[in-house]
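Tertiary structure, described
Listed here are the chains, written in short residue letters.
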Amino acid sequence: MLANENFFLREQLLQYQKDVEQPNSYQVSFFISIDNMLTNIYEKQEPILTEMEKLKMEVNSKNDNIKKIQEGSGNNKEQKENDNNNNIYFSSLKRFSTIPFDLFRSSKLIKTFAGHSDRIRSIDCTSLNDNQYLCSASRDKKRHSTEIYCTKFSSYHFYNYGRLVVASSSADRVIRFWDFGTEKEVGISNGHISDISYIQFSSFNGGRYLCSGSKDRSIRLWDIETSKMLHIFNGHKEQVWCVEFSLFQNKNNSNKSNSIGIIGGNGYTICSGSDDTTIRLWDIETTKELTVFKGHQLTTLSVKYSPYERNMILSGSYDKTVRLWDTRTGKQVNIFEGHTDQVLCVEYPPFEGNNINNGLNTNIICSGSWDNTIRFWDVRTNKQFYEIKGNGREDGGIRCIEFLPLKKESCNYDGRFCKKSEKEGKNFLGIS
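This one's a predicted model, so the numbers in the text were calculated from it and none came from an experiment.

About the cut-offs
Residues numbered from 1 in each chain as written. Predicted model: local features only at pLDDT ≥ 70, side-chain atom pairs only at ≥ 80, totals over all residues. Heavy atoms only, no water. Helix = DSSP H or I, 4+ residues; strand = E, 2+ residues; numbered from the N terminus. Buried < 20%, exposed > 50% of the residue type's maximum accessible area, 1.4 Å probe, protein only. Areas by Shrake-Rupley, 256 points an atom, 1.4 Å probe, with all protein chains shown as cover. Pairing = 2+ DSSP bridges. Axes fitted to C-alpha atoms, helices over the stretch in contact; angles between N-to-C directions. Phe/Tyr/Trp six-rings, centres within 6.5 Å; stacked < 30°, edge-to-face > 60°.

Regarding its fold elements, the chain presents six helices and 26 strands. Looking at the chain as a whole, 49% of its 432 residues qualify as buried. Carbon and sulfur atoms make up 47% of the accessible area of the chain, which totals about 22000 Å².

The following block contains the structure:
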């Protein structure tokens with residue numbers, strides 16, 4: 001528009017200059033007004049053009065950076081695909097916006113989910129179809145004949161069949177699969193002869209396999225695709241409370257089926273914690289017990305493989321301690337003491353760190369306890385550096401912690417965490 005105005009006014013001025021050889025005072029005044037208008041237009045136009053040039057240079061610079069990143073992504077595509085296949089959990093951590101710890105210190109309760117009529121035993125979180133979901137298992141027996149110990153979202157059903165499915169385990173000795181879109185049961189796994197304490201989907205082959213720990217002292221491995229039990233791991237002397245698939249392989253993987261029918265599982269392990277106070281490590285390919293970790297004085301209730309180092313396992317126990325173990329030596333590396341009651345859960349929070357490990361701080365762990373606190377520990381110093389205290393009147397202990405991403409449009413930052421309280425089915429979602 002400015003250019004058109006300039007052209008029109010200039011043409012008018014030239015026309016008057018041609019038609020009037022000796023302009024009168026009115027015409028002189030008119031010419032002066034036209035010149036002033038043109039001057040004002042140029043004065044206004046100049047900063048606009050300058051700003052446009054700056055924006056153009058910035059856009060070109062960003063396009064160049066995007067091109068470089070795309071070229072680099074193409075060169076490393078195969079390596080990145082292998083990394084993602086080897087470590088689904090770490091890949092999920094990469095999708096988090098890392099959380100500055102200073103921001104986390106301002107954490108406060110933002111929402112309470114109420115509905116259960118008895119204690120909640122576990123929670124799980126996921127993001128599917130660009131939506132965030134939270135599921136919970138309780139002693140109020142919903143959908144089972146007796147109390148429910150554990151529930152997990154199934155990524156295998158979603159990515160292979162487009163179904164939103166959760167699995168749940170119970171004291172009724174079965175694992176049930178539910179389509180939470182239709183609220184109908186879509187599968188069942190039988191085999192355990194006592195309470196099923198915990199379940200976990202595999203970190204390989206898209207979550208096709210499920211392991212379960214039970215009061216019958218066994219760990220069982222299931223194929224979700226065929227609904228068959230593939231193997232029973234025996235060795236624990238008391239109830240198995242927790243089971244986890246490793247996140248890294250100890251050797252090259254093979255897509256071929258191994259001796260028990262697992263596809264893509266060679267090189268992966270399972271760890272488990274029990275009332276017998278031990279943590280045991282099992283080889284999926286050979287089905288043999290690899291290591292027995294001894295150190296806890298009471299029940300080992302929670303175990304987690306490190307998403308950063310392939311040889312580290314984190315555990316929490318009724319003996320009020322959190323411990324870190326080296327799978328290569330079978331020895332305890334760190335012990336974290338400070339909780340005044342049983343440690344019920346342990347986790348790796350996605351706090352902001354350096355550029356290593358995708359900008360995540362690998363030196364921080366956290367734990368939840370019956371003492372109604374969530375404590376954060378520095379692995380380098382073995383010391384607690386932050387603590388969140390639950391509401392003593394409403395909470396009955398922190399039984400489970402899950403970190404989850406939320407949409408940016410719902411908050412000016414999208415890193416949050418969810419904690420589960422033991423009393424009267426209270427679920428808490430807090431900003432971290």
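Further notes follow.
Taken together, the four strands give an open sheet; going across it, the order is β20-β21-β22-β23, and neighbouring strands pair in antiparallel fashion. What marks the edges here is a single partner per strand, and that holds for β20 (343–347) and β23 (383–389). With direction set aside, neighbouring strand axes in the sheet form an average angle of 25°. Sheet analysis places strand β22 (residues 373–378) next to β23, joined by six bridges and oriented antiparallel. Among the inter-strand pairings, Thr 373 is bridged to a residue of β23, identified as Lys 389.

Enumeration according to the criterion identifies 13 aromatic pairs in this entry. Arranged with centres 6.1 Å apart and planes meeting at 65°, the rings of Tyr 149 and Trp 241 form a pair that is edge-to-face. Of this pair, Tyr 149 sits in strand β4 (residues 148–154) while Trp 241 sits in strand β12 (residues 240–245), and the two are 92 residues apart along the sequence. One exposure class covers both Tyr 149 and Trp 241, and it is buried. A centroid spacing of 5.8 Å and a plane angle of 35° characterise the contact between Phe 204 and Tyr 209, whose relative ring orientation is tilted. Accessibility expressed as a relative area gives 0% for Tyr 209, which makes it buried. Taken together, the ring pairs in this structure connect Phe 204, Tyr 209, Phe 245 and Tyr 268 into an aromatic cluster.

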